[in-house]
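Close look at the chain arrangement
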Amino acid sequence: MNMKILVPTKRVPDTDQKIRIRPDGSGIDEENLPYVVNPFDAIAVEEALRIRENSNDEVEVLAVGIGSDDYERELRTSLAIGADRAMLIECAAALDSWNVARILSVIVQREQADLVLMGKQAVDDDSNQAGQFLAALLDWPQATFASKLDFTENGLRVARETDAGIETVVVRLPAVVTTDLRLNEPRYASLPNILRARKKTIERLEFQQLGLEIEPRIQLLHMEVLSTGRNCIRVSGVDELVVRLRDEAKVI
Amino acid sequence: MRILVVAEHDTEVLRSGTRSAVAFANSVAAQTDGEVECLVIGHRIASVAKEAASISKVLCLDSESLTAPVADRYARVIADVTIQRKIDLVVAASTSYAKDVVGRAAGLLGGSMASDVVGHTVQDDKLVLRRPMFAGAVTATVTLIGHPQIITIRGSAYEPAVASVDESEIITVDIDESSLPNHISFEKIETRSSHRPDVTESRIVVSGGRAIKNSDDFERLVGGLADQLGGATGSSRALVDAGITPNDFQVGQTGKIVAPELYIAMGISGAVQHLAGMKNSKVIVAINNDPDAPMFEVADYGLVGDLYELVPQLIEKLHAE
């Protein structure tokens, strides 16, 4: 079966970086902050590539980003590891999950995608909503937190990581699948492929061309970094630890 | 405000996060002259509905077509009940179930949703919410725009609602089964059977990290101490990646978020993503052979040394007492 897989990717601050807040608490300090493709989305790109590599049919992998010109570098990373196409929806405003899902739903329909693979959450706002919202807007089945995918006669069999254990569902296509950490380990781009990706075209669409207005759903009032440090009492050994937990902290 | 709490259960008992969600809902209702209803969905769920009625008025939706918690059906049901009962605020505990099902319901209801709420105030009849971002490194204060609003709360941030003397009313809700979507089929769930309490619900959690070399050692040291204390076991991502512990043991930003009364971190260095999952525990103990491990910075008590020596001593000492 020929198939088009759409992979929404988000550009997020590198998770190894310490996040600082602007002095007025209006948001994070973006100066000199390095960015990466959201790690869960990188897993989604990798899975799409593996589906293409293991298929006898035509599979097209389209990476989609929403944001400013700065996004080009991260989209080229997806091209460098093997995505067939990359598309940037130009939009300067910061978007919440609802508006991301609305934009994606228009792109999915325009592109007539068969499968959307995306990270279960973006590691900046940690909302874990966009995939579910997109599935609801499209009225497509969803399988969140995927740790294994297999194609079957009836659709896509997905192992899901839930609090209770590994759940297995079969979703009919078209569907939205969100990826969890253990689905795969994304490959690295080789230098020749990085150089090749630089010459590829990134398709661009202006947000206004989609016929949508932004409908804000969440308003940020303030951000702060809470101190989590505690005064650690170094105990001399097991005996002191037990005494302190029992008589001082009273937790055992 | 009319508030709907979406209950989570295993067909026999409520998950403890649901009690915390009811407590949050009661608090908001008290400040907005509102009322709270608890929606129990599933099949053969009479005992859960009865348990829920000890903490809240209950709407019970019992249907064979709702035996498995598949997202498209459950989300449709939650959205329909929200509209029919003119609900202003839908609340659930932030679990994999709610992220999946209630998240989709929020998508059907217009997308005004805040996840992982850890604190709130009511100002001019409007909810002001606090929620973590960037793996808990940042706390954001937000309000939602739009109606109805959907919120998941961190169970660890709200004391569970306690049962009242009087049992509340249980209202049976009927649905048109033929209208439900049917594009996801549930095959199975592989639950891990364990004699230990659930890591997200236990009063004490003992967790192991990279310093533990294999599954047998994990069971002997982490499991042994947990059993001695009547606690649950967890692990860092390093042990899951190494295949020493199963996926659902992972405590951290991308695993489970816990806040027990006592968290004992053994051989866990304290990566940001792990700290995000446990730093709100009431008392934290770190045992590590590296005196500079970041875990000591968030710990109340620190013990430097080889856990292969210290933990058997600790188990012995506790056993003797």
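Note that the structure is predicted; figures quoted are calculated from it, not measured.

This paragraph deals with the packing of helix H6 (residues 238-248) of chain A against helix H9 (residues 307-320) of chain B. At a minimum axis separation of 9 Å, H6(A) and H9(B) run at an interaxial angle of 50 degrees. Taken as axis vectors, H6(A) and H9(B) run oblique relative to one another. Helix-helix and strand crossings are classified by hand; for H6(A) and H9(B) the assignment is right-handed. Residue-level inspection shows Val238(A), Asp239(A), Leu241(A) and Val242(A) of H6(A) in contact with H9(B), the latter providing Leu310(B), Gln313(B), Leu314(B), Lys317(B) and Leu318(B).

Residue and element names in this part refer to chain A. Evaluation of the coordinates by the stated rule reveals 50 salt bridges over all chains. Between arginine 50 and glutamate 46 there is a salt bridge whose closest N-O contact spans 2.7 Å. With arginine 50 and glutamate 46 both in helix H1 (residues 39-53) and four residues apart, this pair spans about one turn of that helix. Arginine 50 sits in the partly exposed class, given a relative accessible area of 31%. A relative accessible area of 2% places glutamate 46 in the buried class. Between arginine 182 and glutamate 161 there is a salt bridge; the shortest N-O distance is 3.2 Å. One end of the pair, arginine 182, is in the loop between strand S10 (175-179) and helix H5 (191-199); the other, glutamate 161, is in strand S8 (residues 155-162), with 21 residues separating them in the sequence. You'll find arginine 182 and glutamate 161 in the same group, each marked buried. One salt-bridge network, held together by shared partners, links Lys4, Glu60, Arg85, Glu111 and Glu203.

Cut-offs used in this document
Residues numbered from 1 in each chain as written. Chains lettered and ligands numbered in written order. Predicted model: local features only at pLDDT ≥ 70, side-chain atom pairs only at ≥ 80, totals over all residues. Heavy atoms only, no water. Axes fitted to C-alpha atoms, helices over the stretch in contact; angles between N-to-C directions. Helix = DSSP H or I, 4+ residues; strand = E, 2+ residues; numbered from the N terminus. Parallel < 35°, antiparallel > 145°, perpendicular 65-115°, else oblique. Left-handed = near helix turned anticlockwise from the far one by under 90°. Contact = heavy atoms within 4.5 Å. Salt bridge = Lys/Arg side-chain N within 4 Å of Asp/Glu carboxyl O. Buried < 20%, exposed > 50% of the residue type's maximum accessible area, 1.4 Å probe, protein only.

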